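Listed below, chain by chain, are the residues.
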Amino acid sequence: MKTKVVVIALSVLGSVMFFLSNAFANPDPEVPLPVSKRQALQLNVPVDIEKGARIFAGCSGCHDAGPSAINRIGPKLNALIGRKAGSVECYGYSKALLKAGKNGLVWTPYKLDAFLMAPNVFLSGNKMPFKGIKDVIARRDLIGYLKTLN
Ligand code: HEC
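Residues numbered from 1 in each chain as written. Predicted model: local features only at pLDDT ≥ 70, side-chain atom pairs only at ≥ 80, totals over all residues.

Engineer: Hey, could you run me through the overall build of the protein chain in this one?
Structural biologist: From N to C terminus, the protein chain includes seven helices and zero strands. Element order for the protein chain, N to C, with α for helix and β for strand: α-α-α-α-α-α-α. For the protein chain, the residues scored as buried account for 21% of the 150 residues in total. Long-range contacts, defined as pairs at least 24 residues apart, comprise 55% of the intrachain contacts of the protein chain with a sequence gap of at least 6. (Helix = DSSP H or I, 4+ residues; strand = E, 2+ residues; numbered from the N terminus. Buried ≥ 20, exposed ≤ 12 C-beta atoms within 10 Å, placed from the backbone. Contact = placed C-beta atoms within 7 Å.)

Engineer: I tried to follow the packing of helix α5 (residues 109-117) against helix α7 (residues 136-146) on my own but got confused; where do I start?
Structural biologist: Contact geometry of α5 with α7 gives a least axis separation of 10 Å together with a crossing angle of 130°. The angle between α5 and α7 falls in the class oblique. Here α5 and α7 pass one another in a crossing that is right-handed. Note on element contacts: α7 touches α5 through Arg139, Leu142 and Ile143, opposite Pro109, Leu112, Asp113, Leu116 and Met117. Looking at side-chain class alone, the contact of α5 with α7 contains six nonpolar, no polar and two charged residues. (Axes fitted to C-alpha atoms, helices over the stretch in contact; angles between N-to-C directions. Parallel < 35°, antiparallel > 145°, perpendicular 65-115°, else oblique. Left-handed = near helix turned anticlockwise from the far one by under 90°. Nonpolar A, V, L, I, M, F, W, Y, C, P; charged D, E, K, R; others polar.)

Engineer: For this particular structure, what's the right way to read unusual backbone geometry?
Structural biologist: Look at Ala79: it is not a glycine, yet its phi comes out positive at around 50°. Mapped onto the elements, Ala79 comes out in the loop between α3 (49-56) and α4 (95-102). The exposure class assigned to Ala79 is partly exposed, which follows from the 15 C-beta atoms found within 10 Å. Within the chain, Cys90 stands out as a residue other than glycine whose phi angle is a positive 65°. Relative to the helices and strands, Cys90 is located in the loop between α3 and α4. Here Cys90 falls in the exposed class, since 8 other C-beta atoms lie within 10 Å of it.

Here it is in structure tokens:
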């Protein structure tokens, strides 16, 4: 029984360490870190921007993008790559996101990948009601699509 508890505690600790290292270890590679060997192999598949656009349908209820975009429940997402976090004018961000931006968080593909994998683990206290996208390929395709939004 005790061993079971220790094993569970260790695996929880392991996942937390994984998230933390995934979020902060690597400064800014273009391609997000693979989360498993199988997924690492899949990363050789070219980015599917159309698939990314379909995944974005799950964001567009809250986020607008494009030349005449407006802030909705979430801030507009045009020109997101390279944008400072919490920097869209006239949008009421959470304190957590504003603070992250002040501390230098910029939405690079890598940071976005970590955020979209598990928003609340990446930045606790943020107010985006979204549980995250577990599939690394889906995140990569989505980020490929986000790069096209200006
Ligand atoms: C149910 C509504 C909702 C959904 C769905 C949603 N978001 Fe958000 N999003 C928000 C809110 C609200 C915020 C502001 C968070 C804060 O201030 O803490 C936000 C913030 C963000 C930010 C930070 C923007 C900035 O200016 O710093 C990014 C990036 C983002 N969302 C991307 C996405 C993507 C990509 C998806 C789809 C996979 C998505 N969101 C789905 C509501 C949503």
